[in-house]
Amino acid sequence: MHGEYKMPGGKLVVVDLAVRDGRLADVQLSGDFFLEPDSALDAINRALEGQPEHADEATLAAVVRDALATDVMMYGLSPEAIAVAVRRALHRESAA
């Protein structure tokens, strides 16, 4: 499943994922944003793994926010934008 979101005033956020047993799996975040340190990308992917496929945007954004260390810098990206991209990936699959 594939979802994209262009954050207003930000960059393109892309999420590719699968669903297994009603939970997010194989989550891969990408796009033209910047994260410091680079390890934050793995933390985001791990945080989303296993989340319920019906989790709403607020829940997903909170999971991402909680997974990030206080020193993580996000440029052109936000937890809310990631959550929108995840929901779009899931919505496109259910509409197909």
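Refer to the structure printed above.
So, here is what we can say about the structure in this document. (Residues numbered from 1 in each chain as written. Predicted model: local features only at pLDDT ≥ 70, side-chain atom pairs only at ≥ 80, totals over all residues. Heavy atoms only, no water.)

**Looking at helix α1 (residues 39-48)**
We apply this condition: Exposed residues in this analysis have more than 50% of their type's maximum accessible area, buried residues have under 20%, and partly exposed residues fall in between, with area computed by a 1.4 Å probe over protein chains only. Runs of H or I in DSSP of at least four residues are treated as helices and runs of E of at least two as strands, each being numbered from the N terminus.
Here α1 has its buried residues at Ala40, Ala43, Ile44, Asn45, Ala47 and Leu48. Count one or two residues on from α1 and you reach Gly50, which has phi positive near 85 degrees.

**Description of the sheet that holds strand β2 (residues 12-20)**
In plain terms, the rule: Two strands qualify as a pair provided DSSP detects at least 2 bridges between them. Axis definition: a line fitted to C-alpha atoms, limited for helices to the stretch in contact. Angles are taken between N-to-C directions and run from 0 to 180 degrees.
One open sheet accounts for three strands, arranged β1-β2-β3; its pairing is antiparallel. Each edge of the open sheet carries a strand with a single partner, namely β1 (2-6) and β3 (23-31). Neighbouring strand axes in the sheet, compared pairwise and without regard to direction, differ in orientation by 20 degrees on average. As judged from the five bridges shared by β1 and β2, these two strands associate in the antiparallel manner. Each residue of the ladder has a partner; that of Glu4, found in β2, is Val14.

**Considering the pattern of salt bridges**
Rules: Salt bridge criterion: a side-chain nitrogen from Lys or Arg within 4 Å of a carboxyl oxygen from Asp or Glu.
Tallied over the full model, the rule gives two salt bridges. Across the pair Glu80 and Arg65 runs a salt bridge, and its minimum N-O distance is 2.1 Å. Of the two residues, Glu80 is situated in helix α3 (residues 79-95) and Arg65 in helix α2 (residues 57-67); the sequence distance between them amounts to 15 residues. Residue Glu80 is classed as partly exposed on the basis of its relative accessible area of 40%. When its relative accessible area of 41% is taken as the criterion, Arg65 is described as partly exposed.

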